[in-house]
Amino acid sequence: MASKHGTQTAGSQAQEPSALPQQRSIGLSDCPARAERSNKATIAKAQLHAVGSIADISANWSAKVVVASNEQADRTKMAAVYDSMAATFLKDGLNLAAIAAIRQFYGRIDAQPEPLFYEHFPTPLQQGAVRLVVFQPVQADPLIQLAQSACQDVLGSLPPGMQPHASLPSSFHLTIFMTSQPGDPRPDPFTPGGGIDATHPPVPIPAASAATLQHEVDTFRQIALTARPAFEVRHCLSATETVLQVHSVVFANSGTVLLCLVDTTSQLPSMRQRISKSFPGASSKQSSIMHMTLGRVLQPRQLQDSERQAVQQQCNQWSSKLKGHLFNPDTLWHIQEHQFTTVAGVQTPLPLASIA
């Protein structure tokens, strides 16, 4: 089944309405050059901080900006949030603890950093233990190549030795909600607490059961089917408005290169609220801004004033080039992620309903 995003589902078969939608499995094999130099066993050599035996990412979570739902719906306030993030980096520099916390999720740190596969964590997670829903831009969208170039220029403006990692364009995504995170796994997001004892988790950390996974995808499908009218391109006289619009390229103090967007229809926050109410046992930390992570640095070393200014100059230049670019998603993607922050894994398309 092909979506408007031009993706093709492999192995299409007729399914009952209650069955999982057709899926695709995305991994390193979709990028031969990256696949050739990536070896799961090799890049798994990393020391993970642990609470119990679950990776501790709390320092990185603490660095994230938290925005109330009513403010997420206000594009002016969201723009002010992004401006404040940029100003914080320029004034105070990097949050070294946040970078150290995220560094543990990468291998080959001193060579060519690669995200770890969850199955090769020191405390492994089963495939399907990490699950989320995202919007993904179509690969033919000029935004993809522009964002990639922006990331390259921003990371290229850093001093040597900062251990940069640029995400593949196929990994660009905007996270809507995570039912189960690597640092906060939840096999059953419908049960308060997520169905796991975080202090003494089983090893490997389990995925959702088949029945729970079915229920999870079905729930997201129903939400998607009622969301499309709000995300449809709207025509008002000669003006066309879409749901998401690029505001800026931000280098956050967590060491990440972010493509930050605003919601022109003020509907995404309400969608996130509805999802949250549907999953009382989901991971406790959720994204409250609208962004795509383009890349990051993994060396927890502070930048000098002049170095920060050089980075910010690139961000400003690319913000001017990209500001106003429109992104109108037509599909919500449910991801059973196999490799940290790449959305590589089993991807299930959940089309947003069309207006008749």
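Refer to the preceding data block for the structure.
First, a word on scope: everything that follows refers to the structure included in this document. Note that the structure is predicted; figures quoted are calculated from it, not measured. (Residues numbered from 1 in each chain as written. Predicted model: local features only at pLDDT ≥ 70, side-chain atom pairs only at ≥ 80, totals over all residues. Heavy atoms only, no water.)

Put simply, the largest pocket is a space of about 1200 Å³. What lines the largest pocket is a set of 47 residues, among which Lys64, Gln286, Ser287, Ser288 and His291 lie closest to the centre. Every element with two or more residues in the lining of the largest pocket is listed here: helix H3 (58-63), helix H4 (69-72), helix H5 (75-92), strand E8 (174-180), strand E12 (256-263), helix H10 (268-278) and strand E13 (291-297). (1 Å grid on protein atoms, 1.4 Å probe; cavity = no way out; pocket = protein on both sides within 12 Å on 5 of 7 lines; lining within 4 Å. Points joined across faces, edges and corners; volume = space filled by probe spheres on them. Helix = DSSP H or I, 4+ residues; strand = E, 2+ residues; numbered from the N terminus.)

Glancing now at the side chain of His247. Mapping His247 onto the fold places it in strand E11 (residues 244-251). Reaching out from His247, the side chain makes a polar contact with the side chain of Ser248 at a distance of 2.8 Å. For His247, the residues in contact, after removing those within four places along its chain, are Ala79, Tyr82, Asp83, Cys260, Leu261, Val262, Ser319 and Lys323. (Polar contact = N/O pair within 3.5 Å; in protein donor to acceptor, adjacent residues only side chain to side chain. Contact = heavy atoms within 4.5 Å.)

Right, let's talk about the environment of Ser69 for a bit. Looking at where Ser69 falls in the secondary structure, it is placed in helix H4. Residues Ser69 and Leu268, 199 residues apart in the sequence, show an inter-C-alpha distance of 9.3 Å. Ignoring any residue separated from it by four or fewer positions in sequence, one finds Ser69 in contact with Pro269 and Gln273.

Looking now at H5. With 18 residues, H5 ought to run about 26 Å at 1.5 Å a step, and its terminal C-alpha atoms sit 26 Å apart, in line with that. Every buried residue of H5 is listed here: Met78, Ala79, Val81, Tyr82, Met85, Ala86 and Phe89. Summarising the axial view, the buried residues of H5 lie within an arc of 155 degrees, below the 170-degree limit, and thus occupy one face. Relative to its buried face, H5 has exposed residues pointing more than 90 degrees away, namely Thr76 and Lys91. (Expected span 1.5 Å × (residues − 1). Buried < 20%, exposed > 50% of the residue type's maximum accessible area, 1.4 Å probe, protein only. Arc of directions from axis to C-beta.)

Looking now at the packing of aromatic side chains. Counted according to the given criterion, the structure contains eight aromatic pairs. Note on Phe105 and Phe121: the rings are 5.5 Å apart at their centroids and 55 degrees apart in plane angle, and the pair reads as tilted. Placement of Phe105 in the loop between helix H6 (96-103) and strand E4 (106-107) and of Phe121 in the loop between strand E5 (114-115) and strand E6 (130-135) is noted, with a sequence separation of 16 residues between them. Look at Phe105 and you get buried, because its relative accessible area is 0%. Between Tyr118 and Phe121 the ring centres are 5.4 Å apart and the planes differ by 70 degrees, which places this aromatic pair in the edge-to-face class. Of the residues examined, Phe121 reaches a relative accessible area of 5% and is grouped as buried. Aromatic rings pair up to connect Phe105, Tyr106, Tyr118, Phe121 and Phe340 into one cluster. Here the guanidinium or amino end of Lys321 rests over the ring plane of Trp318, the centre of that ring lying 4.2 Å away. (Phe/Tyr/Trp six-rings, centres within 6.5 Å; stacked < 30°, edge-to-face > 60°. Lys NZ or Arg CZ within 6 Å of the ring centre and 35° of its normal.)

Any link to function would need more than the numbers given here.
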